[in-house]
Amino acid sequence: SLVVVSFYKFADYPDHADLRKPLKDLCERLRVSGGIILAPEGINGSICGDRNSVENVLSFIQSDERLNGLRLIESPVSPEEEAIHHGHMSSSPLSAGEDAPFRWDHVRVKVKKEIVTIGVPSVSPVERVGKYVNPKEWNQLISHPDTVVVDVRNDYETRIGKFKRAVDPCTTSFREFPSWVDDHFKFPSLPVTEEKPRVAMYCTGGIRCEKASSFLLNKGFKEVYHLKGGILKYLEEVPEEESLWEGECFVFDKRVSVDHGLVQGTYKLCYGCKKPVSDADMEAPEWEYGVSCPYCFASKSAEEKERARARQRQFTRWGIIGGPDKGRKTGRKVNS
């Protein structure tokens with residue numbers, strides 16, 4: 001049986017690039033798919049494979065004591081997703097899509113400056129973060145009238161679901177979060193002695209809150225809390241009848257969204273902008289499969305749309321973008 005495991009760990013990891021090749025080789029040998037990011041501040045990833053293979057990969061990562069103690073979230077794999085996983089071949093139309101982590105033949109291990117980009121070098125979750133709150137204690141915290149509940153995700157994620165009473169920063173990327181904090185809480189106008197509010201923040205799996213909470217602590221906030229394991233852990237552990245979550249949770253893989261119990265949600269993905277779309281969105285005149293949706297139609301030029309249509313035609317005809325010769329080097333014929 002297959003499992004999907006998301007994981008991260010902040011650590012002082014200057015030689016991170018040395019792990020890239022052996023980790024990628026191991027994943028390919030064990031047919032573990034997905035995406036992993038390595039950076040000087042640690043590791044972040046989401047992988048899919050049979051349980052033994054995934055556990056072998058995680059054990060290999062944690063054999064480095066700096067990465068030991070990964071924060072893990074395991075998600076179930078539906079029978080449909082398992083069929084896709086085992087049926088993925090170069091002849092399958094799905095092989096052309098950005099549908100990791102359910103591609104058995106594809107794993108990305110990237111080296112970057114940050115495992116989650118906020119763009120503030122002084123922020124260090126290794127040094128300090130906010131207080132973790134277990135999912136079963138979360139409702140009480142965010143229901144208190146003196147608690148400011150902040151969704152640390154981006155606008156296309158908050159659009160399809162969020163917690164009751166949550167403030168939506170309406171950011172398009174995590175890099176915008178520090179500016180939003182400065183504007184929203186109006187730090188220049190606050191007297192030095194004025195008490196800053198209690199803040200409870202959340203994100204998909206918890207990783208962005210590590211940096212966001214560290215940032216707020218650097219700003220002088222005293223009470224900063226964040227949901228341990230993120231929305232995914234909350235949806236897994238808290239019964240729907242007790243839940244304060246409204247809507248669905250966007251995830252960065254082929255499932256697109258999940259609901260309570262981590263069952264697959266109802267949203268699909270616009271391959272033009274990689275954002276979630278509902279059935280109603282796909283009835284809009286701006287919707288064109290593989291090209292655009294109501295959320296990206298106006299921002300795309302005619303040339304961009306035509307390139308997307310060309311890719312979609314290749315997709316439809318050959319089952320792979322680039323046609324049947326994709327990736328093959330054409331040799332020059334030599335006369336004898």
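Cut-off values and rules
Residues numbered from 1 in each chain as written. Predicted model: local features only at pLDDT ≥ 70, side-chain atom pairs only at ≥ 80, totals over all residues. Heavy atoms only, no water. Helix = DSSP H or I, 4+ residues; strand = E, 2+ residues; numbered from the N terminus. Buried < 20%, exposed > 50% of the residue type's maximum accessible area, 1.4 Å probe, protein only. Contact = heavy atoms within 4.5 Å. Pairing = 2+ DSSP bridges. Axes fitted to C-alpha atoms, helices over the stretch in contact; angles between N-to-C directions. Disulfide = S-S within 2.5 Å.

Named according to an unreviewed UniProt entry, the protein is Rhodanese domain-containing protein originating from Genlisea aurea.

Relative to the helices and strands, Cys170 resides in the loop between strand 8 (161-163) and helix 6 (177-185). A relative accessible area of 52% places Cys170 in the exposed class. Along the primary structure Cys170 and Trp180 are separated by 10 residues, whereas in three dimensions their C-alpha atoms are 8.9 Å apart. With residues up to four places along the chain from it excluded, the contact list for Cys170 reads Asp155 and Glu176.

Of all 9 residues that make up strand 1 (residues 2-10), 7 are buried, and the element is covered over most of its length. Two strands pair when backbone bridges link them, and strand 1 and strand 3 (residues 42-50) are joined in this way by 9 bridges, in the antiparallel orientation. Opposite Val5, over in strand 3, you have Ile47 as the bridge partner. Looking at chain direction, strand 1 and strand 4 (residues 71-75) are connected through 5 bridges and run antiparallel. When the sheet's bridge partners are listed, Phe7 is paired in strand 4 with Leu72.

Taken in spatial order, the 5 strands make up an open sheet running 4-1-3-2-5, and their pairing is mixed. Taken across any chain shown, the strands that pair with only one partner, and hence form the sheet edges, are strand 4 and strand 5 (107-111). When the angles between neighbouring strand axes are averaged without regard to direction, this sheet yields 15°. Sheet topology places strand 2 (residues 33-39) next to strand 3; 7 bridges connect them, and they run antiparallel. What sits directly across from Ser33, in strand 3, is Cys48.

Positionally, Asn139 belongs in helix 4 (residues 135-143). Apart from the residues within four sequence positions on either side, Asn139 is in contact with Tyr234, Glu242 and Leu244.

Evaluation of the coordinates by the stated rule reveals 0 disulfides. The cysteine Cys249 is free of any disulfide, with Cys203 supplying the nearest cysteine sulfur at 9.4 Å. When its relative accessible area of 0% is taken as the criterion, Cys249 is described as buried.

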